[in-house]
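As a plain string of letters, each chain reads:
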Amino acid sequence: MFIYGILLVTLALALLSLYFMFTASGAPLRYSWSRLLLALALGVFIYLYGTWVYLTVNAKYAFGICLLLCLLSGFFRRRSRTARAPRPWKRVLSLFWTGMLVCLCIGYFTGTTGLKQQKIELAFPLKTGRYFVLQGGKGLPTNLFHFSLRGAIYAMDIVKLNQWGGRAEKVFSSRLEDYEIFNDTIYSPASGRVLRAYSDNPDNIPPNMERGPQNTNQVLLETDAGYIFLAHMKKGSVVVHEGQWVVQGQALGCVGNSGFSSEPHLHIQAHAKGKPGTPWYMGEPLYISFNGRSYLLYEVIRPKRVNMVDR
């Protein structure tokens, strides 16, 4: 399956970077500097982009420590006397890949939209716990899936982490209940009017996504700052109705797996208001900030406690 494949790629590249780092740090610097740069660039890349959450996010931190130890080991190991200068084409190839990886690492933080975006300030819509940005970022290269979806370049997919740092009981499961976020209550991230609210669609059994994006249980809010779209909600869970005014922290429904979704998660995106008559999703995409902080791909979210409102 796809999840097992990308997890295997993550682990393979992580081991490769550790191997490069260990062997390069044990050779004279005048011979190994290009290989050392490649190992460092590859290590940082896989640390940022690696799909560690499918195993546990703790593996990411363990890898970072191992990479640092491999680098530091060069100061304590005896340098090899048989080391030779690499052939010119190998050094050029190493520098080429280093440059590519460095660009991707910079792009992780800047995306295609640079360092400044039009933001919207929201309260985090889930309960206190540890959550994780499964998809998100500032456009390409980090938010590849959302980039082409009606301008949703800042959309986020959020899952919840269990005590072991994973998002489910297994690497992959066909049971919805095995996913930590399934059935979590979603609270309104801002005060506003409900423009759309329904939850009649069934939840997909992972990884089935045949029902597509037109069958997503959702709530669409209109606020003073713009439109907020929350999707993939659980069948029958939405507790608000169209035209209703809700306040920040009021319960909206529960996280599910409806629509174009392969596993339970919360999809959230925001758009500025456009000209009258313009569909909400055609407005300028807004970069989301939760409780004063913005998050990037594969970052952990530790939200402040939500003030719940009974309605």
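Structural data are supplied above this passage.
Residues numbered from 1 in each chain as written. Predicted model: local features only at pLDDT ≥ 70, side-chain atom pairs only at ≥ 80, totals over all residues. Heavy atoms only, no water.

Structural notes on the sheet that holds strand 11 (residues 287–290)
Turning to step 1, where the next piece is worked out: Taken in spatial order, the 3 strands of this open sheet run 1-11-12, and their pairing is mixed. The sheet is open, and its two borders are formed by strand 1 (119–122) and strand 12 (293–294), each paired with just one other strand. (Pairing = 2+ DSSP bridges. Helix = DSSP H or I, 4+ residues; strand = E, 2+ residues; numbered from the N terminus.)

Regarding the packing of aromatic side chains
Turning to step 1, where the next piece is worked out: Summed over the entire model, instances satisfying the criterion amount to 13 aromatic pairs.
Turning to step 2, where the next piece is worked out: Between Phe145 and Phe260 the ring centres are 6.0 Å apart and the planes differ by 15 degrees, which places this aromatic pair in the stacked class. One end of the pair, Phe145, is in helix 5 (residues 144–147); the other, Phe260, is in the loop between strand 9 (251–254) and strand 10 (266–271), with 115 residues separating them in the sequence.
Turning to step 3, where the next piece is worked out: Given a relative accessible area of 38%, Phe145 falls into the partly exposed group.
Turning to step 4, where the next piece is worked out: Here the aromatic residues Phe45, Tyr49, Tyr108 and Phe109 are joined through ring pairs into a cluster of three or more.
Turning to step 5, where the next piece is worked out: Stacked on the ring of Tyr31, the Lys or Arg Arg30 has its end atom at 4.6 Å from the ring centre.
Turning to step 6, where the next piece is worked out: Over the ring of Tyr47 we find Lys60, and its NZ or CZ is 4.7 Å from the ring centre. (Phe/Tyr/Trp six-rings, centres within 6.5 Å; stacked < 30°, edge-to-face > 60°. Buried < 20%, exposed > 50% of the residue type's maximum accessible area, 1.4 Å probe, protein only. Lys NZ or Arg CZ within 6 Å of the ring centre and 35° of its normal.)

Let's talk about the side chain of Gln117
Turning to step 1, where the next piece is worked out: Following the sequence through the fold, Gln117 ends up in the loop between helix 4 (88–110) and strand 1.
Turning to step 2, where the next piece is worked out: Reaching out from Gln117, the side chain makes a polar contact with the side chain of Thr113 at a distance of 3.4 Å.
Turning to step 3, where the next piece is worked out: With residues near it in sequence (within four places) discarded, Gln117 still touches Lys138, Tyr154 and Tyr287. (Polar contact = N/O pair within 3.5 Å; in protein donor to acceptor, adjacent residues only side chain to side chain. Contact = heavy atoms within 4.5 Å.)

A word on helix 2 (residues 29–49)
Turning to step 1, where the next piece is worked out: Given a rise of 1.5 Å per residue, 21 residues ought to cover 30 Å, and the 28 Å separating the end C-alpha atoms of helix 2 matches this to within 8%.
Turning to step 2, where the next piece is worked out: Residue Arg35 marks the point of greatest curvature in helix 2, where the axis turns by about 30 degrees.
Turning to step 3, where the next piece is worked out: Turning to helix 2, its buried residues are Ser32, Ser34, Leu36, Leu38, Ala39, Ala41, Leu42, Gly43, Phe45, Ile46, Leu48 and Tyr49.
Turning to step 4, where the next piece is worked out: Each element contacted by the buried residues of helix 2 is listed here: helix 1 (2–25), helix 3 (57–73) and helix 4. (Expected span 1.5 Å × (residues − 1). Bend = angle between axes of the 7 residues up to and from the residue.)

Some details on the sheet that holds strand 8 (residues 245–246)
Turning to step 1, where the next piece is worked out: Taking strand neighbours across the sheet as the criterion, the 8 strands line up as 8-5-6-7-10-3-2-13 in an open arrangement whose pairing is antiparallel. Because the sheet does not close on itself, it has two edges, and the strands there are strand 8 and strand 13 (300–301).
Turning to step 2, where the next piece is worked out: Looking at chain direction, strand 3 (residues 156–160) and strand 10 are connected through 3 bridges and run antiparallel. The partner of Ile158 across the bridge, within strand 10, is Leu266.

Structural notes on helix 1
Turning to step 1, where the next piece is worked out: Between its terminal C-alpha atoms helix 1 stretches 35 Å, which fits the 34 Å expected from 24 residues at 1.5 Å a residue.
Turning to step 2, where the next piece is worked out: Considered for burial, the residues of helix 1 that qualify are Ile3, Leu7, Thr10, Ala14, Ser17, Leu18, Phe20, Met21, Ala24 and Ser25.
Turning to step 3, where the next piece is worked out: Taken together, the buried residues of helix 1 touch helix 2 and helix 3.

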